[in-house]
Amino acid sequence: QVQLAESGGGLVQPGGSPRLSCAASGFSWDYYAIGWFRQAPGKAREGISCVSSSDGSTYYADGVKGRFTLSRDKAKNTVYLEMNSLKPEDTAVYYCATRHGGNCPPRSEYDYWGQGTQVTVSS
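Along each chain, residue indices are assigned from 1 in the same order as the chain's sequence is written. Confidence filtering applies because this is a predicted model: local features only for residues at pLDDT of at least 70, side-chain atom pairs given and counted only at 80 or more, and all residues used for totals across whole chains, interfaces and linings. Heavy atoms from the whole structure form the basis of all side-chain values; hydrogens and water molecules are not counted.

Before going further, it helps to examine the state of the cysteines. The criterion for a disulfide is a pair of cysteine sulfur atoms lying within 2.5 Å. What the rule picks out here adds up to two disulfides. Residue pairing for cysteine 50: its cysteine sulfur links by disulfide to cysteine 104, the two sulfurs lying 2.1 Å apart. Taking the sign of the S-S torsion, 110 degrees for the link of cysteine 50 and cysteine 104, the bridge is right-handed. With cysteine 50 in strand S5 (residues 46-51) and cysteine 104 in the loop between strand S9 (92-100) and strand S10 (112-113), the pair connects residues that are 54 residues apart, well separated along the chain. Given a relative accessible area of 18%, cysteine 104 falls into the buried group. Cysteine pairing in the protein chain follows 1-3, 2-4, where each cysteine in a disulfide is numbered by its order in the sequence. A helix here means a DSSP run of H or I that spans at least four residues, while a strand means a run of E at least two residues long, and both kinds are numbered starting from the N terminus. Here the term buried applies to any residue with accessible area under 20% of the maximum for its type, exposed to any over 50%, and partly exposed to those in between, with areas from a 1.4 Å probe on protein chains only.

Each salt bridge in this description consists of a side-chain nitrogen of Lys or Arg and a carboxyl oxygen of Asp or Glu lying within 4 Å of one another. Considering all chains together, one arrives at five salt bridges under this definition. Linking aspartate 90 and arginine 38 is a salt bridge whose minimum nitrogen-to-oxygen distance equals 2.9 Å. With aspartate 90 in the loop between strand S8 (78-83) and S9 and arginine 38 in strand S4 (residues 32-39), this pair connects stretches of sequence that are 52 residues apart. As far as burial versus exposure is concerned, aspartate 90 and arginine 38 are alike and both buried. One salt bridge in this structure joins glutamate 109 and arginine 99, with 3.6 Å as the shortest N-O distance.

Honestly, it's all geometry; don't read function into it.
Written as structure tokens, this is what we have:
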């Protein structure tokens, strides 16, 4: 069965640079689109980064472009989200998601989701 598990969150000071991990089991990332999302308290879940299943191109939302970097390790079947220069407004639960095929599809088209990992940015 397909399972995703995020980790790496926690309490981080402003300007910190944690790296989130999303470990996959039950499938391979090779032919799947990958998305990172976050949901702040009282707000809708938003996409922040994704990888196309066709050519591996990566994309970033304007609010994180230049600060966050998505990468993957095929041998470990794990994707990462490196976050730099964190701000209080980055506080959210961060999720990874995937679906077979697709080129960074909309949130509603992802089939599998992790449980999320909390990132709290505070002094």
